[in-house]
Amino acid sequence: MKSEKFQSNLMHLQGNLLNFAYMLTSNRDDAYDLLQDTTLKALDNEDKYAEGTNFKGWVFTIMRNIFINNYRRTQRSATIVDTTENLYHLNICQDSGLEAPEGSFHAGEITDAIDAFPDEYRIPFSMHVAGYKYNEIAEHMNLPLGTVKSRIFFARKKLQERFADYR
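Residues numbered from 1 in each chain as written. Predicted model: local features only at pLDDT ≥ 70, side-chain atom pairs only at ≥ 80, totals over all residues. Heavy atoms only, no water.

Looking only at helices and strands, one finds eight helices and zero strands in the chain. Buried residues in the chain amount to 28% of all 167 residues. (Helix = DSSP H or I, 4+ residues; strand = E, 2+ residues; numbered from the N terminus. Buried < 20%, exposed > 50% of the residue type's maximum accessible area, 1.4 Å probe, protein only.)

Below, the structure is given as C-alpha cells:
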C-alpha cells in the first residue's frame, strides 16, 4: 500500500479507533493517549502491513496489543516481589498496609492458612504465587493443566472464605 493511501485509510479509522480506545480504557485522556500510540505504531510499521489483508483489523489489533502491554506493565509495577526466605509477604500490592502492625499480623495469618492446606493445594498455590505459570506447575507436579488450575482456584476460594470477615 502506498504511503498516502495508507495514511488516508488510517485517518478514516481515527473515530472508530477512538471509540474502541475509550471502551478499553474508560478514560478520555487515556483513550487519546492510546489512539496516539496506535497511530504512531501503525505509521512506524507501515512496511509490515501485508497488502490485501484487513487493514482495519490490523490497526485494531495493534491498539489492543498496546493496551494489553500497558496494562501488564502497570500490574507488574504495582506488585512488590517478595525476596524474604519464607515468602512471608507473598507478592502483595504496595498499598496493602503491611507497614502497620496489624498488616503484618494478617500476612502471618495468611501464611499459616496456606501452610495448613494439604500438599495437593498448597504446592501449586505457592508456586503460582511465586510466579510460576500454570503449565510450569503442571509439568513440575506431573498433573494435567486443568487440575492445577482448579486446585489453585480452590485454594483461593478457601482463603477467601477464611478471611471473609477482613473485607
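With that settled, the discussion passes to the packing of helix H2 (residues 14-25) against helix H4 (residues 55-77). When two helices pack together, you describe them by how their axes are tilted relative to each other and by the distance separating the axes. Relative orientation of the contacting elements H2 and H4 amounts to 30°, with a least axis distance of 11 Å. Of the possible angle classes, the one that applies to H2 and H4 is roughly parallel. Between H2 and H4 lies a crossing whose hand is right-handed. When H2 is examined against H4, the residues Asn16, Leu17, Phe20, Ala21, Leu24 and Thr25 are found in contact with a partner set consisting of Lys56, Val59, Phe60, Met63, Arg64 and Phe67. Counted by class, the contact of H2 with H4 contains eight nonpolar, two polar and two charged residues. (Axes fitted to C-alpha atoms, helices over the stretch in contact; angles between N-to-C directions. Parallel < 35°, antiparallel > 145°, perpendicular 65-115°, else oblique. Left-handed = near helix turned anticlockwise from the far one by under 90°. Contact = heavy atoms within 4.5 Å. Nonpolar A, V, L, I, M, F, W, Y, C, P; charged D, E, K, R; others polar.)

Turning our eyes to something else, we now look at the nonpolar core. Judged by nonpolar contacts, the single largest core of 18 residues is most densely connected at Phe6, Leu10, Leu17, Phe55, Trp58, Val59 and Met63. Of all the secondary structure elements, the ones that give two or more residues to this core are helix H1 (3-12), H2, helix H3 (28-44) and H4. Phe117, Tyr121, Val148 and Ile152 belong to the second largest nonpolar core, which has 13 residues in total. (Core = buried A, V, L, I, M, F, W, Y, C linked by side-chain atoms within 4.5 Å.)

For an α-helix, 3.6 residues make a turn, and residues three or four places apart therefore share a direction. A rise of 1.5 Å per residue sets the reference length of H3, with its 17 residues, at 24 Å; its end C-alpha atoms lie 24 Å apart and thus fit the reference within 8%. Regarding H3, the residues found buried are Ala31, Leu34, Leu35, Thr38, Thr39 and Ala42. One side of H3 carries all its buried residues, which in axial view fall inside an arc of 135°. Across from the buried face of H3, at angles greater than 90 degrees, the exposed residues are Gln36 and Asp44. Sitting at the amino-terminal end of H3 is Asn27, which places a side-chain oxygen 2.9 Å from the backbone nitrogen of Asp29. (Expected span 1.5 Å × (residues − 1). Arc of directions from axis to C-beta. Polar contact = N/O pair within 3.5 Å; in protein donor to acceptor, adjacent residues only side chain to side chain.)

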